[in-house]
Amino acid sequence: MFAAPAIAFYAMFVIRPLLYTFQYSVYRWDGIGPSTYVGLRNYSELFTDPTLFASILNAIKLIVFFSVIPVIFGLIIASTIRRIAASRLAAVARIVIFFPQIIPLVAAGIIWSWLLSSTGLVNQMLSAIGLASITRAWLGDFTFALPAVGVIGAWVLLGLCTLLLLAGMTKVDPAIYEAARLDGAGSVREFVSMTLPALRQEIGVCVTVTVIAALASFDIIYISTQGGPGTSTMVPGYAVYYLAFFQREVGQASALAVFLMILVLIFVIPIQWLTREEN
């Protein structure tokens, strides 16, 4: 009885739209006029339309920036902070690293758009150290626009991964580290043999959250590049929005949304299985 209001709310605003999305995905519909049943044609076009297929590949490429980089650097930074936990520098480092996480993604996109512009701070710093030849409008370059967006995502997610991993490290008894040092274990051996196995669940959470952020990215793309230049930073999240509200192809947008959900599950389920805690 107590759960009924929450269940009703969830069914109305999540389950019902999800079922409608499945329904719309097998129709050709502009959102207003009559619809035409096309079966799985909308899904086949995801792989035959160069723009839509490229958006899927771009989202997969962003996993390297949104997930791999934050997790690896998060492990290094969290391990360093744990070693200097007694100093004031550790508290300051936690605040500074987590700060991007409390900034709205829209604000982060605007700030980085200024920093990465042709006259932005990044190019000014490169010019100051004699690297003016490599300066460019990073978000407007066909080659570097997607990596530039990836850098923004890595910057935003690094703090979250660092704090999650740091919290996981605190559950390891310090006496175990002390015993390992007495047995002659070095920093690398200590990290590989003791810290990493203890962080299995935390790493799984970090990878899951960051992979979903990469595949379903929208905010940063919308603010910084809007899928451009050309379609070099087009991702499924923004493509769904563009197809539905600009090209009025609701059926195609729904098919892409359904495929995006399936793609997230394809990545996330194995991660959850590999990193689950065993008794």
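Just so we're clear, the structure is a prediction, and the values are computed from it rather than from any experiment. (Residues numbered from 1 in each chain as written. Predicted model: local features only at pLDDT ≥ 70, side-chain atom pairs only at ≥ 80, totals over all residues. Heavy atoms only, no water.)

### Let's talk about the overall build of the protein chain
Line of reasoning, step 1. Along its length, the protein chain carries 13 helices and two strands.
Line of reasoning, step 2. Oriented by its inertia axes, the alpha-carbon framework of the protein chain measures out at about 75 × 60 × 35 Å.
Line of reasoning, step 3. Across the 279 residues that make up the protein chain, the buried fraction comes to 39%.
Line of reasoning, step 4. Contacts in the protein chain between residues at least 24 apart in sequence constitute 68% of all its contacts with a sequence separation of at least 6.
Line of reasoning, step 5. Here the protein chain displays about 15,500 Å² of accessible surface, and carbon together with sulfur accounts for 71% of that area.
Line of reasoning, step 6. Each charge class in the protein chain can be summarised by its mean position, and for the 15 positive and 13 negative side chains these summaries are 2 Å apart. (Helix = DSSP H or I, 4+ residues; strand = E, 2+ residues; numbered from the N terminus. Buried < 20%, exposed > 50% of the residue type's maximum accessible area, 1.4 Å probe, protein only. Contact = heavy atoms within 4.5 Å. Areas by Shrake-Rupley, 256 points an atom, 1.4 Å probe, with all protein chains shown as cover. Lys, Arg positive; Asp, Glu negative; His and termini not counted. Charge placed at Lys NZ, Arg CZ, Asp CG, Glu CD.)

### Concerning the packing of aromatic side chains
Line of reasoning, step 1. Using the criterion set out here, one finds 18 aromatic pairs in the structure.
Line of reasoning, step 2. Ring centres 5.3 Å apart and planes at 90 degrees place the aromatic pair F47 and F259 in the edge-to-face group. Here the residue F47 occupies a position in helix α2 (residues 41-48), and F259 occupies one in helix α13 (residues 250-275), the gap between them amounting to 212 residues.
Line of reasoning, step 3. Owing to a relative accessible area of 48%, F47 belongs among the partly exposed residues under this scheme.
Line of reasoning, step 4. Their ring planes at 25 degrees and their centres at 6.5 Å tell us that Y238 and Y242 sit as a pair that is stacked. Here Y238 and its partner Y242 are both found in helix α12 (residues 236-245), four residues apart, which amounts to about one turn of the helix.
Line of reasoning, step 5. Taking the relative accessible area as the measure of exposure, Y242 reaches 33% and is therefore partly exposed.
Line of reasoning, step 6. Linked through ring pairs, F218, Y222, Y238, Y241, Y242, F245 and F246 together constitute an aromatic cluster.
Line of reasoning, step 7. One Lys or Arg, R136, reaches over the ring of W138 and ends 5.4 Å from the middle of that ring. (Phe/Tyr/Trp six-rings, centres within 6.5 Å; stacked < 30°, edge-to-face > 60°. Lys NZ or Arg CZ within 6 Å of the ring centre and 35° of its normal.)

### Comments concerning the pattern of salt bridges
Line of reasoning, step 1. Under the counting rule described, the total for this entry stands at six salt bridges.
Line of reasoning, step 2. Across the pair E45 and R28 runs a salt bridge whose closest N-O atoms are separated by 3.0 Å. Placement of the pair is E45 in helix α2 and R28 in strand β1 (residues 27-28), with a sequence separation of 17 residues.
Line of reasoning, step 3. The exposure class of E45 is partly exposed, given its relative accessible area of 24%.
Line of reasoning, step 4. In this structure, the salt-bridge partner of R82 is E190, at a minimum N-O distance of 3.2 Å. Of the two residues, R82 sits in helix α3 (residues 50-83) while E190 sits in helix α9 (residues 187-198), which places them 108 residues apart along the sequence. Assigned by exposure class, R82 and E190 land together as buried.
Line of reasoning, step 5. Each of R82, E178, R181 and E190 takes part in one network of salt bridges that share partners. (Salt bridge = Lys/Arg side-chain N within 4 Å of Asp/Glu carboxyl O.)

### Observations regarding helix α7 (residues 145-169)
Line of reasoning, step 1. For α7, built from 25 residues, the straight-helix expectation of 36 Å at 1.5 Å per residue is met to within 8% by its first-to-last C-alpha distance of 36 Å.
Line of reasoning, step 2. Residue L157 marks the point of greatest curvature in α7, where the axis turns by about 35 degrees. (Expected span 1.5 Å × (residues − 1). Bend = angle between axes of the 7 residues up to and from the residue.)

### Focus: the side chain of N58
Line of reasoning, step 1. With respect to the element layout, N58 can be found in helix α3.
Line of reasoning, step 2. Using a relative accessible area of 6% as the deciding quantity, one classes N58 as buried.
Line of reasoning, step 3. Not counting chain neighbours up to four residues away, the residues in contact with N58 comprise L146, T231, S232, T233, M234 and V235.

### Quick look at the nonpolar core
Note that soluble globular proteins tend to have their nonpolar side chains buried in a common cluster.
Line of reasoning, step 1. In terms of nonpolar packing, the biggest core is built from 56 residues, with L62, L116, L165, L215 and L256 touching the most fellow members.
Line of reasoning, step 2. Only α2, α3, α4 (88-102), α7, α10 (200-215), α11 (219-224), α12 and α13 provide two or more residues apiece to this core.
Line of reasoning, step 3. If we skip the residues at most four places from it in the chain, L256 touches L46, L52, P236, A239, V240 and L243. (Core = buried A, V, L, I, M, F, W, Y, C linked by side-chain atoms within 4.5 Å.)

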